[in-house]
Amino acid sequence: MNEQQDGINRRQFVSAGLAAAGAVGVASSASAATVRESGNRVNGVPTTVLPRGGREVPIFGVGCAYIGYLMARGNMEEAERVLRYAHERGLRYFDSATLYPTDQVAARALAPVMDDIYLTTRSPAMPPDPAKVMRTHVEVTLKRYRTDVIDCFKIHNAVDYDDSMRALDELEKMREEGKIRQIGVSSHVHFETIYRLIDTERLDQVLLGRSYFPKGYYQLLSQHNMDWRERCMNRAHALGMNVIGMKCLGGVLYTRDPERAPDFPEEKRKRLPAAAIRWGYDDPRITMYNIGIASTQDVDDTMAIFSGDMTYTDEDRELLAEYSTVLWGSPAIREMDEPYKRPGDAAYNDEDMNWLFRRMEAVERELDS
């Protein structure tokens, strides 16, 4: 376990971690926009107390996957600097995944401040031995981040219910061993399987891909899937779980990037990220949102949105509807795969499985070394 010089450790983060975010960071607010907000702020961003575990964190959680854009250009030092900057600005909830190449960079950046952050990471429950996969990936994460406990470990993209249950059994054993604190699931799709896992009442956290546009990871969603997603959110919220949203920008659909709709007016394009984020956060079932970052500017811009008025307005509604009608005719959407209709439609294809097995082998080699 890492320890800070003042003796604050991860178990004391709730009372002391936010106060250490910066001299200008924390200010009390007399009124919160919704009951999920605690009334405190970190550099303007409201905080929330997670329903399971009692941790107080800013409502802007950091998604680590998009630093892969920097890695792809060979800029590893900048990728680390962006994540350290997010922490320096007061952000505390960091979401990664053991199989993602970005996780090793995230570990290098965040290991020195592990006592001061909430780390959540994940792995698919891969056959033929999903229990072994979970244990291996937990051990790799502990080693990478040089810590003795992970705040939340999630089963990612739960395709098969039985495999996921075997993974869940193993995660519960590791929680008893003190290696993880909370257990969750995460998915861009597969919502019918996710619902069955939520309904076991054995989970603490649910991370769901959810944006204004009906898009999963790289395929469109059918109404069938979106209806199951709503059921997931209803059930998880009713059980008092931490319901975390991700992909509220639709991946990169609602960013300022003109590539997908080059003729859309620039002035309106600049307002898209804030409108998309406010759309997501308008749902009271959502505890907080993860937003992917790829630059220090992304950190500042997103913090500015969450620091402002989070009211979802009629202007936001019109903007998202107008832009989304343009998106439907864009090559980026026309080239997407057909919608997921049933759980089986979303199963990993051969290319997915080959990539995952290669990453699994690399993770196991890392653990052995």
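Residues numbered from 1 in each chain as written. Predicted model: local features only at pLDDT ≥ 70, side-chain atom pairs only at ≥ 80, totals over all residues. Heavy atoms only, no water.

Trainee: I'm lost on the packing of aromatic side chains in this one. Help?
Mentor: For any pair of aromatic rings, the description consists of the separation of the ring centres together with the inter-plane angle of the planes. Evaluated as defined, the whole model comprises 10 aromatic pairs. Summarising the aromatic geometry, the rings of Phe 60 and Phe 306 are spaced 5.6 Å apart at their centres and angled 10° between planes, so their arrangement reads as stacked. Placement of the pair is Phe 60 in strand 5 (residues 60-63) and Phe 306 in helix 11 (residues 296-307), with a sequence separation of 246 residues. This pair shows no difference in class: Phe 60 is buried, exactly as Phe 306 is. (Phe/Tyr/Trp six-rings, centres within 6.5 Å; stacked < 30°, edge-to-face > 60°. Helix = DSSP H or I, 4+ residues; strand = E, 2+ residues; numbered from the N terminus. Buried < 20%, exposed > 50% of the residue type's maximum accessible area, 1.4 Å probe, protein only.)

Trainee: How should the pairing of strand 12 (residues 242-246) be read in this particular structure?
Mentor: Each regular strand shows side chains that alternate between the opposite faces of the sheet. A large share of strand 12 lies buried, amounting to five of its five residues. Residues Asn 242, Ile 244 and Met 246 line one face of strand 12 and the alternating positions Val 243 and Gly 245 line the opposite face, and both faces are buried. Where strand 10 (residues 205-209) and strand 12 come together, five bridges link them in parallel fashion. What sits directly across from Gly 209, in strand 12, is Met 246. By the bridge criterion, two bridges tie strand 12 to strand 13 (residues 288-292) in an arrangement that is parallel. Note on strand 13: the bridge partner recorded for Ile 244 is Met 288. (Pairing = 2+ DSSP bridges.)

Trainee: Sorry if this is basic, but what is going on with the nonpolar core here?
Mentor: Generally speaking, soluble globular proteins have nonpolar side chains that are buried together. Membership of the largest hydrophobic core comes to 104 residues, with the highest contact counts inside it found for Leu 83, Met 134, Ile 155, Leu 171, Ile 198, Tyr 254 and Phe 306. A per-element tally of this core places helix 10 (residues 272-281) first, with seven residues. What Tyr 254 contacts, discounting residues up to four positions off in sequence, is Tyr 212, Phe 213, Cys 248, Leu 249, Leu 272, Pro 273, Ala 276, Leu 320, Tyr 323, Ser 324 and Leu 327. (Core = buried A, V, L, I, M, F, W, Y, C linked by side-chain atoms within 4.5 Å. Contact = heavy atoms within 4.5 Å.)

Trainee: Please explain the pattern of salt bridges as it appears in this structure.
Mentor: Within this structure, the stated rule accounts for 29 salt bridges. Of the charged contacts, one joins Glu 177 and Lys 179 as a salt bridge, the two residues approaching to 3.7 Å between their closest N and O atoms. Connected through salt bridges with shared partners, the residues Arg 135, Glu 139, Glu 170, Lys 173, Glu 177 and Lys 179 form a single ionic network. (Salt bridge = Lys/Arg side-chain N within 4 Å of Asp/Glu carboxyl O.)

Trainee: Which parts of the structure should I look at to understand unusual backbone geometry?
Mentor: Where the residue is not glycine, phi is negative for most of them; where a peptide bond is considered, it is trans in most cases. Residue Pro 128 is reached from Pro 127 by a cis peptide bond, and omega for that bond is 5°. Note on placement: Pro 128 falls in the loop between strand 7 (118-123) and helix 5 (130-144). One non-glycine residue, Arg 146, lies in positive phi territory at about 50°. Relative to the elements of secondary structure, Arg 146 occurs in the loop between helix 5 and strand 8 (150-156).

Trainee: Honestly, the packing of helix 5 against helix 6 (residues 161-176) in this entry has me stumped. Any pointers?
Mentor: The relative placement of two packed helices is expressed as an angle between their axes plus a distance between the axes. Relative orientation of the contacting elements helix 5 and helix 6 amounts to 40°, with a least axis distance of 7 Å. With respect to helix 6, the axis of helix 5 lies oblique. Along this stretch, helix 5 crosses helix 6, giving a crossing that reads as right-handed. Only Asp 163, Arg 166, Ala 167, Glu 170, Leu 171, Lys 173 and Met 174 of helix 6 make contact with helix 5, whose side of the interface consists of Pro 130, Ala 131, Met 134, Arg 135 and Val 138. (Axes fitted to C-alpha atoms, helices over the stretch in contact; angles between N-to-C directions. Parallel < 35°, antiparallel > 145°, perpendicular 65-115°, else oblique. Left-handed = near helix turned anticlockwise from the far one by under 90°.)

Trainee: Sorry, what's going on with the side chain of Ser 187 here?
Mentor: With respect to the helices, strands and loops of the structure, Ser 187 is situated in strand 9 (residues 180-187). Of the polar contacts made by the side chain of Ser 187, one reaches the backbone oxygen of Val 189; its length is 2.3 Å. Aside from chain neighbours lying at most four places away, what touches Ser 187 is His 156, Asn 157, Ile 194, Leu 207, Leu 208, Gly 209 and Met 246. (Polar contact = N/O pair within 3.5 Å; in protein donor to acceptor, adjacent residues only side chain to side chain.)

Trainee: I'm lost on helix 11 in this one. Help?
Mentor: Each α-helix turn comprises 3.6 residues. Residues three or four places apart therefore point the same way. For helix 11, built from 12 residues, the straight-helix expectation of 16 Å at 1.5 Å per residue is met to within 8% by its first-to-last C-alpha distance of 16 Å. Of all the positions in helix 11, only Thr 296, Val 299, Thr 302, Met 303, Ile 305 and Phe 306 are classed as buried. Elements that come into contact with the buried residues of helix 11 comprise strand 2 (37-42), strand 3 (45-49), strand 5, helix 3 (76-88), helix 10 and strand 13. (Expected span 1.5 Å × (residues − 1).)

Trainee: Sorry if this is basic, but what is going on with helix 12 (residues 314-328) here?
Mentor: The first and last C-alpha atoms of helix 12 sit 21 Å apart over 15 residues, in line with the 21 Å expected at 1.5 Å per residue. Of all the positions in helix 12, only Asp 316, Leu 319, Leu 320, Tyr 323, Ser 324 and Leu 327 are classed as buried. Within helix 12, the buried residues cover an arc of 120° as seen down the axis, which keeps them to one side. Facing away from the buried side of helix 12, by more than 90 degrees, are the exposed residues Asp 314, Glu 315, Glu 318 and Thr 325. Looking at the buried side of helix 12, the elements it contacts are helix 9 (266-269), helix 10 and helix 13 (331-334). (Arc of directions from axis to C-beta.)

Trainee: Whenever I open this one, the pairing of strand 7 confuses me. Can you help?
Mentor: In terms of burial, strand 7 is largely enclosed, as six of its six residues are buried. Neither face of strand 7 is exposed, since Tyr 118, Thr 120 and Arg 122 on one face and Leu 119, Thr 121 and Ser 123 on the opposite face are all buried. Bridge count for strand 6 (residues 93-95) against strand 7 is three bridges, and the pairing is parallel. Within strand 7, the position partnered with Asp 95 by the bridge is Thr 120. Taking the sense of rotation as the criterion, the β-α-β connection linking strand 6, helix 4 (residues 102-110) and strand 7 turns out right-handed. Between strand 7 and its parallel partner strand 8, the chain crosses via helix 5, and the hand of that crossover is right-handed. (Right-handed = clockwise from strand over helix to strand, strands pointing away.)

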